[in-house]
Amino acid sequence: MDLETRILKLLLRLRKHKAGRPAGDLTATTAGITRMQADIADIRTEMRQDFAALGDELAALRRHMNDHFTSSRPRCCKDPEPGCSQGTQAYGPDPINN
């Protein structure tokens, strides 16, 4: 079989393939891809907002815990109750550096 005949057969197959395919398939596929890209963009936006809110919540928790430990540390570590066995006599003023 010569080259020209093979090319003509390939062109004939290509034309049959194009003729057999409905034109709406490409449009539907394009529309589906566009919807999917829009959904992905929406999900990304929601995730950014959720992570920003989570960061704000963590910062508030950090401040709250810092305030709590700052206010309760002098009561439990520096100013023991009278008669408490864990006074400065047992550990000294700074138990970490002793």
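Residues numbered from 1 in each chain as written. Predicted model: local features only at pLDDT ≥ 70, side-chain atom pairs only at ≥ 80, totals over all residues. Heavy atoms only, no water.

What to know about the overall build of the protein
Helices and strands together make up the secondary structure of the protein, namely three helices and zero strands. Counting from the amino terminus, helix and strand elements in the protein follow one another as α-α-α. Taken over 98 residues, the protein has a buried fraction of 3%. When the accessible surface of the protein is totalled, it reaches about 9300 Å², and 59% of it is carbon and sulfur. (Helix = DSSP H or I, 4+ residues; strand = E, 2+ residues; numbered from the N terminus. Buried < 20%, exposed > 50% of the residue type's maximum accessible area, 1.4 Å probe, protein only. Areas by Shrake-Rupley, 256 points an atom, 1.4 Å probe, with all protein chains shown as cover.)

Structural notes on a nonpolar patch on the surface
A cluster of nonpolar side chains, namely Ile43, Met47, Phe51, Leu54, Leu58, Leu61, Met65 and Phe69, defines an oily patch on the protein surface of about 790 Å² accessible area. Within the secondary structure, leucine 58 sits in helix H2 (residues 24–78). Judged by relative accessible area, leucine 58 falls into the partly exposed class, the value being 43%. (Patch = residues over 30% accessible without salt bridge, like charges linked within 9 Å, V, L, I, M, F, W, Y side chains within 5 Å. Salt bridge = Lys/Arg side-chain N within 4 Å of Asp/Glu carboxyl O.)

Some remarks on the confidence of the model for the protein
Of all residues in the protein, 67% attain a pLDDT of 70 or more, and the chain-wide mean is 78. At the low end of the mean pLDDT range in the protein sits helix H3 (residues 88–91), at 50; at the high end sits H2, at 86. (pLDDT = per-residue confidence, 0-100.)

Notes on a negative patch on the surface
The grouping of Asp39, Asp42, Glu46 and Asp50 at the surface amounts to a negative patch. Structurally, aspartate 50 is set in helix H2. Residue class for aspartate 50 comes out exposed when judged on its relative accessible area of 54%. (Lys, Arg positive; Asp, Glu negative; His and termini not counted. Charge placed at Lys NZ, Arg CZ, Asp CG, Glu CD.)

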